[in-house]
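# Breakdown of the fold
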Amino acid sequence: MKLSELYTGNKPVISFEVYPPKTDEGIDKLMGELKKLKVFDPAFISVTYGAGGTTQGRSLIVIKRIMDELGLITIPHFTCIGSDKESILSFVNVIEGLGLKNILALRGDPPKDKTYYHPEKNVFHYASELVAFLKANTDLEIAVAGYPEVHPQAKSLDEDLTHLNEKIKAGASLIMT
(Lines give C-alpha, C1' and ligand atoms only; values in the text may rest on other atoms or scores of the structure.)
Protein backbone atom coordinates (compact mmCIF):
# COMPACT_ATOMS: atom_id res chain seq x y z
CA MET A 1 0.00 0.00 0.00
CA LYS A 2 1.23 3.47 -0.86
CA LEU A 3 1.55 5.94 2.00
CA SER A 4 -0.84 8.44 0.46
CA GLU A 5 -3.60 5.81 0.56
CA LEU A 6 -3.26 5.63 4.36
CA TYR A 7 -4.18 9.29 4.72
CA THR A 8 -7.48 9.30 2.84
CA GLY A 9 -9.74 8.72 5.85
CA ASN A 10 -10.82 10.94 8.70
CA LYS A 11 -9.07 9.07 11.49
CA PRO A 12 -5.55 9.67 12.79
CA VAL A 13 -2.76 7.58 11.33
CA ILE A 14 -0.58 6.01 14.01
CA SER A 15 2.96 4.97 13.21
CA PHE A 16 6.11 4.07 15.08
CA GLU A 17 9.72 4.79 14.18
CA VAL A 18 12.48 2.39 15.16
CA TYR A 19 16.24 2.37 14.95
CA PRO A 20 17.86 -0.98 14.12
CA PRO A 21 19.61 -2.44 17.18
CA LYS A 22 23.28 -3.32 16.89
CA THR A 23 22.85 -6.96 17.93
CA ASP A 24 20.60 -9.87 16.99
CA GLU A 25 19.45 -10.02 20.62
CA GLY A 26 18.50 -6.36 20.39
CA ILE A 27 16.47 -7.03 17.26
CA ASP A 28 14.68 -9.89 19.04
CA LYS A 29 13.85 -7.53 21.93
CA LEU A 30 12.66 -4.83 19.51
CA MET A 31 10.38 -7.33 17.78
CA GLY A 32 8.91 -8.30 21.16
CA GLU A 33 8.15 -4.65 21.91
CA LEU A 34 6.64 -4.09 18.46
CA LYS A 35 4.38 -7.12 18.99
CA LYS A 36 3.06 -5.37 22.11
CA LEU A 37 2.60 -2.08 20.23
CA LYS A 38 0.69 -3.83 17.43
CA VAL A 39 -2.46 -3.61 19.59
CA PHE A 40 -2.52 0.13 18.72
CA ASP A 41 -3.03 -0.85 15.07
CA PRO A 42 -0.18 1.20 13.57
CA ALA A 43 -0.57 2.00 9.90
CA PHE A 44 3.17 1.52 9.43
CA ILE A 45 6.54 1.25 11.11
CA SER A 46 9.36 3.41 9.79
CA VAL A 47 12.90 2.09 10.10
CA THR A 48 15.84 4.48 10.27
CA TYR A 49 19.03 4.18 8.27
CA GLY A 50 22.41 5.48 9.42
CA ALA A 51 24.52 8.06 7.62
CA GLY A 52 26.16 6.62 4.54
CA GLY A 53 24.25 3.39 5.06
CA THR A 54 26.05 2.48 8.28
CA THR A 55 23.05 0.50 9.52
CA GLN A 56 21.72 -0.58 6.13
CA GLY A 57 22.10 -4.32 6.75
CA ARG A 58 20.50 -4.11 10.19
CA SER A 59 17.71 -1.92 8.79
CA LEU A 60 16.91 -4.52 6.15
CA ILE A 61 16.81 -7.30 8.76
CA VAL A 62 14.38 -5.28 10.89
CA ILE A 63 12.23 -4.37 7.88
CA LYS A 64 11.98 -7.99 6.76
CA ARG A 65 11.15 -9.24 10.26
CA ILE A 66 8.44 -6.59 10.73
CA MET A 67 6.88 -7.59 7.43
CA ASP A 68 7.17 -11.34 8.02
CA GLU A 69 6.35 -11.54 11.72
CA LEU A 70 3.92 -8.66 12.18
CA GLY A 71 2.47 -8.22 8.71
CA LEU A 72 2.87 -4.46 8.97
CA ILE A 73 3.77 -1.94 6.30
CA THR A 74 7.33 -0.74 6.73
CA ILE A 75 8.88 2.42 5.43
CA PRO A 76 12.64 2.61 5.21
CA HIS A 77 14.39 5.89 5.81
CA PHE A 78 17.09 6.61 3.29
CA THR A 79 19.79 9.24 3.63
CA CYS A 80 21.88 10.41 0.71
CA ILE A 81 24.81 11.83 2.70
CA GLY A 82 27.87 9.75 1.88
CA SER A 83 26.08 7.72 -0.80
CA ASP A 84 26.76 7.47 -4.50
CA LYS A 85 24.18 6.76 -7.20
CA GLU A 86 25.14 3.09 -7.44
CA SER A 87 24.67 2.45 -3.71
CA ILE A 88 21.35 4.30 -3.77
CA LEU A 89 20.09 2.22 -6.69
CA SER A 90 21.35 -0.96 -5.05
CA PHE A 91 19.42 -0.21 -1.86
CA VAL A 92 16.31 0.76 -3.82
CA ASN A 93 16.48 -2.51 -5.78
CA VAL A 94 16.66 -4.46 -2.52
CA ILE A 95 13.69 -2.72 -0.93
CA GLU A 96 11.60 -2.94 -4.09
CA GLY A 97 12.52 -6.64 -4.20
CA LEU A 98 11.04 -6.97 -0.71
CA GLY A 99 7.79 -5.56 -2.05
CA LEU A 100 8.06 -2.16 -0.36
CA LYS A 101 6.18 0.68 -2.01
CA ASN A 102 7.39 3.68 0.00
CA ILE A 103 10.57 5.42 1.13
CA LEU A 104 11.37 8.37 3.38
CA ALA A 105 14.02 10.35 1.50
CA LEU A 106 16.33 12.41 3.71
CA ARG A 107 19.54 14.31 3.27
CA GLY A 108 20.85 13.08 6.60
CA ASP A 109 23.55 14.58 8.75
CA PRO A 110 27.24 14.10 8.07
CA PRO A 111 28.60 11.77 10.72
CA LYS A 112 30.84 13.46 13.23
CA ASP A 113 34.35 12.08 13.74
CA LYS A 114 33.84 9.05 11.50
CA THR A 115 36.56 7.87 9.15
CA TYR A 116 34.13 6.12 6.76
CA TYR A 117 32.55 9.41 5.65
CA HIS A 118 34.02 10.94 2.52
CA PRO A 119 32.13 14.13 1.56
CA GLU A 120 33.77 14.23 -1.87
CA LYS A 121 31.72 11.13 -2.76
CA ASN A 122 28.46 12.94 -2.15
CA VAL A 123 26.43 12.95 -5.30
CA PHE A 124 23.55 14.71 -3.60
CA HIS A 125 23.85 17.51 -1.09
CA TYR A 126 20.13 18.08 -0.53
CA ALA A 127 17.10 15.87 -0.05
CA SER A 128 15.44 17.50 -3.06
CA GLU A 129 18.21 16.09 -5.28
CA LEU A 130 17.69 12.61 -3.81
CA VAL A 131 13.93 12.91 -4.33
CA ALA A 132 14.38 13.84 -8.01
CA PHE A 133 16.76 10.90 -8.52
CA LEU A 134 14.40 8.45 -6.80
CA LYS A 135 11.42 9.78 -8.76
CA ALA A 136 13.29 9.25 -12.03
CA ASN A 137 14.56 5.77 -11.14
CA THR A 138 11.87 4.06 -9.04
CA ASP A 139 8.16 3.55 -8.63
CA LEU A 140 8.37 4.14 -4.88
CA GLU A 141 6.14 6.70 -3.27
CA ILE A 142 8.45 9.26 -1.72
CA ALA A 143 7.92 10.91 1.64
CA VAL A 144 10.15 13.70 2.95
CA ALA A 145 10.76 15.38 6.28
CA GLY A 146 9.06 18.62 7.25
CA TYR A 147 9.99 20.72 10.24
CA PRO A 148 7.11 22.56 11.95
CA GLU A 149 9.63 24.08 14.35
CA VAL A 150 11.94 25.03 11.40
CA HIS A 151 14.95 22.96 10.41
CA PRO A 152 17.89 23.73 12.71
CA GLN A 153 20.09 24.74 9.76
CA ALA A 154 17.50 27.01 8.12
CA LYS A 155 18.03 30.73 8.54
CA SER A 156 14.29 31.41 8.64
CA LEU A 157 10.86 29.85 8.29
CA ASP A 158 10.66 31.20 4.71
CA GLU A 159 13.95 29.52 3.78
CA ASP A 160 12.79 26.26 5.37
CA LEU A 161 9.50 26.37 3.45
CA THR A 162 11.39 27.08 0.23
CA HIS A 163 13.45 23.91 0.72
CA LEU A 164 10.33 21.90 1.58
CA ASN A 165 8.68 23.16 -1.60
CA GLU A 166 11.76 22.08 -3.59
CA LYS A 167 11.33 18.53 -2.27
CA ILE A 168 7.66 18.50 -3.28
CA LYS A 169 8.44 19.89 -6.75
CA ALA A 170 11.11 17.20 -7.14
CA GLY A 171 8.49 14.47 -6.68
CA ALA A 172 7.71 13.89 -3.02
CA SER A 173 4.07 13.14 -2.38
CA LEU A 174 4.00 13.21 1.40
CA ILE A 175 5.55 15.24 4.23
CA MET A 176 6.30 13.57 7.56
CA THR A 177 6.87 15.71 10.62
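These notes cover the structure that comes with them. (Residues numbered from 1 in each chain as written. Predicted model: local features only at pLDDT ≥ 70, side-chain atom pairs only at ≥ 80, totals over all residues. Heavy atoms only, no water.)

## Quick look at the packing of aromatic side chains
Think of a pair of aromatic rings as described by two things: how far the centres are apart, and how the planes are tilted against each other in angle. We apply this condition: What counts as a ring pair is set by centres within 6.5 Å for rings of Phe, Tyr and Trp (its six-membered ring), and what kind of pair is set by the plane angle: stacked under 30 degrees, edge-to-face over 60, tilted for all other angles. In this text, helices come from DSSP runs of H or I with a minimum length of four residues, and strands from runs of E with a minimum of two, each type numbered from the N-terminal end. Partly exposed residues are those whose accessible area sits between 20% and 50% of the maximum for their type, while under 20% is buried and over 50% is exposed, using a 1.4 Å probe and protein chains only.
In this structure the tally under the stated criterion is two aromatic pairs. Considering the side-chain rings of Phe78 and Phe91, the 5.1 Å spacing of their centres and the 20 degrees angle between planes classify their relative orientation as stacked. Here Phe91 lies in helix α4 (residues 85–97) and Phe78 lies in strand β3 (residues 74–79), a separation of 13 residues in the sequence. When the centroid spacing of 5.3 Å and the interplanar angle of 45 degrees are considered together, the rings of Phe124 and Phe133 count as tilted. Side by side, Phe124 and Phe133 carry an identical accessibility label, which is buried.

## Focus: the pairing of strand β2 (residues 44–47)
Definition in use: One requirement defines pairing of two strands: DSSP has to find at least two bridges between them. Seen with its strands pointing away from the viewer, a crossover is right-handed if its path from the first strand over the helix to the second goes clockwise.
Here β2 shows a buried face lined by Phe44 and Ser46 and a second buried face lined by Ile45 and Val47. Note: strand β1 (residues 15–18) against β2, four bridges, orientation parallel. What sits directly across from Val18, in β2, is Val47. In this view, the connection linking β1 to its parallel neighbour β2 by way of helix α2 (residues 24–37) has right-handed handedness. Across three bridges, β2 lies against β3 in parallel orientation.

## Examining the environment of Glu96
Selection criterion: Within 3.5 Å is the distance limit for a polar contact, defined as a pair of N or O atoms, with the added protein rule that one can donate a hydrogen and the other accept it, and that residues adjacent in sequence qualify only through two side-chain atoms.
Within the secondary structure, Glu96 sits in helix α4. Judged by its relative accessible area of 29%, Glu96 falls in the partly exposed class. The sequence separation of Glu96 and Thr138 amounts to 42 residues, and the corresponding C-alpha distance is 8.6 Å. Separated by 3.4 Å, the side chain of Glu96 and the backbone nitrogen of Asp139 make a polar contact.

## Things to note about the packing of α4 against helix α5 (residues 127–137)
Note the cut-off: Helix axes use the C-alpha atoms of the stretch in contact, all axes being lines fitted to C-alpha atoms, and the angles between their N-to-C directions lie in the range 0 to 180 degrees. Roughly parallel covers angles under 35 degrees, roughly antiparallel covers those over 145, roughly perpendicular covers 65 to 115, and oblique covers all other angles. Note on convention: the crossing is left-handed when the near helix lies turned anticlockwise from the far helix by less than a right angle, right-handed when the turn is clockwise. Contacts between residues were defined by any pair of non-hydrogen atoms, one from each residue, lying within 4.5 Å.
Packing of α4 against α5 brings their axes to within 12 Å, and their N-to-C directions diverge by 55 degrees. With respect to each other, α4 and α5 are oriented oblique. Between α4 and α5 lies a crossing of right-handed hand. Residues Lys85, Ile88, Leu89 and Val92 of α4 form the contact with α5, whose participating residues are Leu130, Phe133, Leu134 and Asn137.

Purely geometric numbers; function is a separate question.
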